[in-house]
Amino acid sequence: MKDFITQEIRETRSETETLVWAENFAKTLAQGSVIALFGTLGAGKTVISRGICRGLGFTGQVNSPTYTIVHEYPNPSIPIFHLDLYRLPPHADLEEIGIDYYASQKGVTLIEWPERLDSEELLTHKISITIADDETRHIEVSRKA
Ligand SMILES: Nc1ncnc2c1ncn2[C@@H]1O[C@H](COP(=O)(O)OP(=O)(O)O)[C@@H](O)[C@H]1O
Ligand SMILES: [Mg+2]
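Residue positions are given per chain, counting from 1 as you read along its sequence in written order. Throughout, the order in which chains and ligands are written sets their labels, letters from A for the former and numbers from 1 for the latter. Thresholds applied to this predicted model are a pLDDT of at least 70 for local features of residues and 80 or more for the giving and counting of side-chain atom pairs; totals over whole chains, interfaces and linings are not thresholded and use all residues.

Participant: Just to check I follow, could you spell out unusual backbone geometry for this structure?
Facilitator: Note: most peptide bonds trans; most residues except glycine with negative phi. Not every positive phi belongs to a glycine, and Lys106 is a case in point at roughly 55 degrees. Strands are runs of DSSP state E lasting at least two residues, helices are runs of H or I lasting at least four, and both sets are numbered from the N terminus onward. Note that Lys106 resides in the loop between α4 (99-103) and β5 (108-112). On the basis of neighbour count, Lys106 is assigned to the exposed category, with 11 C-beta atoms found within 10 Å. Despite not being glycine, Trp113 has its phi angle at roughly 55 degrees, a positive value. Note on burial: count the other C-beta atoms lying within 10 Å of the residue's C-beta; 20 or more is buried, 12 or fewer is exposed, in between is partly exposed, and C-beta positions come from the backbone.

Participant: Help me understand the nonpolar core, please; the structure alone is not making it clear to me.
Facilitator: The nonpolar side chains of soluble globular proteins are, as a tendency, buried together. Counting 31 residues, the largest nonpolar core has Leu37 and Ile52 as its most contacted members. Residue assignment for this core shows that the elements contributing at least two residues are α1 (15-26), β2 (33-38), α2 (45-55), β4 (80-84), α4, β5 and β6 (125-133). Note on contacts: each residue gets a C-beta atom placed from the backbone, and two residues are in contact if those atoms are within 7 Å. When residues no more than four places from it in sequence are discounted, the contact partners of Ile52 are Ala22, Phe25, Ala26, Val108 and Leu110. Only buried residues count toward a nonpolar core: Ala, Val, Leu, Ile, Met, Phe, Trp, Tyr and Cys, linked into one set through C-beta atoms within 7 Å.

Participant: Looking at this structure, I do not really get the sheet that holds β2. What am I missing?
Facilitator: Sheet strands associate in pairs through backbone hydrogen bonding, adopting either a parallel or an antiparallel arrangement. Spatially, β1-β7-β6-β2-β5-β4-β3 is the arrangement adopted by the seven strands of the open sheet, whose pairing is mixed. Looking at which strands have only one partner, the edges of the open sheet turn out to be β1 (4-12) and β3 (70-73). Looking at each pair of strands side by side, their axes are set apart by 15 degrees on average, direction ignored. For two strands to be treated as a pair, DSSP must find no fewer than two bridges joining them. Pairing of β3 with β4, which is carried by four bridges, proceeds in the antiparallel orientation. Following the sheet pairing, Val70 is matched in β4 by Leu83. Interaxial angles span 0 to 180 degrees and are taken between N-to-C directions of axes, which are lines fitted to C-alpha atoms, for helices over the stretch in contact. With respect to the sheet, α2 is in contact with β2, β3, β4, β5 and β6, its orientation differing from that of β5 by roughly 170 degrees.

Participant: What is the right way to read the site of ligand 1 from this model?
Facilitator: The environment of ligand 1 is formed by 19 residues, the closest being Thr18, Gly44, Lys45, Thr46 and Val47. Where the shell around ligand 1 is concerned, the elements lending two or more residues are α1, α2 and β7 (136-144). When the residues that make up the shell around ligand 1 are grouped by side-chain class, the tally is three nonpolar, nine polar and seven charged. We count a residue as near a molecule or strand when its backbone-placed C-beta atom lies within 6 Å of that partner. Residues are sorted three ways: Asp, Glu, Lys and Arg are charged, Ala, Val, Leu, Ile, Met, Phe, Trp, Tyr, Cys and Pro are nonpolar, and all the rest, Gly among them, are polar.

Participant: Even after reading the chapter, I still don't get α1, so can you show me in this structure?
Facilitator: Since the α-helix turns once every 3.6 residues, residues separated by three or four places project in the same direction. If you check α1, its first and last C-alpha atoms are 16 Å apart, about what 12 residues at 1.5 Å a residue would give, namely 16 Å. Of the residues making up α1, those classed as buried are Thr18, Trp21, Ala22, Phe25 and Ala26. An end-on view of α1 places all buried positions within 135 degrees of arc, on one side of the element. Within α1, the exposed residues directed more than 90 degrees away from the buried face are Thr16 and Asn24. Contact partners of the buried residues in α1: β1, α2 and β7. Working rule for helices: expected span equals 1.5 Å times residues minus one. The arc in question is the one traced by the directions running from the helix axis out to the C-beta atoms.

Structural data, given as structure tokens:
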């Protein structure tokens with residue numbers, strides 16, 4: 001059994017504030033981090049992914065890889081894998097997706113719609129985003145204890 005402990009609770013009042021927060025959060029990440037991003041459509045999973053990528057030095061386009069499942073961003077520092085599992089069936093097989101492969105690459109793996117996973121075994125962080133109102137987001141970060 002893997003336990004997660006709350007690391008940070010934060011409220012942001014704009015997309016930019018979330019981006020800046022995520023950029024700074026990225027700098028706390030070790031190689032091999034696997035981050036699950038929970039939140040409904042439009043909560044800000046991709047905004048946070050974009051901020052994390054920027055914080056790691058990747059300044060190119062970051063969009064939800066909805067149709068391809070995974071995007072790999074060429075990054076001079078460490079590899080970044082961005083997954084969106086929205087289109088996978090519930091309880092999808094981790095091995096089929098290859099998440100264990102990404103997790104072993106000593107980069108940073110970002111997972112949108114992690115509810116589709118059947119196990120939280122490989123996760124190092126969970127970020128839950130909830131919509132408070134149009135411009136306000138509640139962000140809660142927990143990490144593997
Ligand atoms: N405080 C905020 N933080 C992040 N995004 C916000 C915030 N306020 C409004 N937004 C908007 O919410 C949307 C989030 O979209 P996106 O990151 O694609 O969501 P998801 O990937 O969770 O479906 C964007 O249109 C963004 O401009
Ligand atoms: Mg998205």
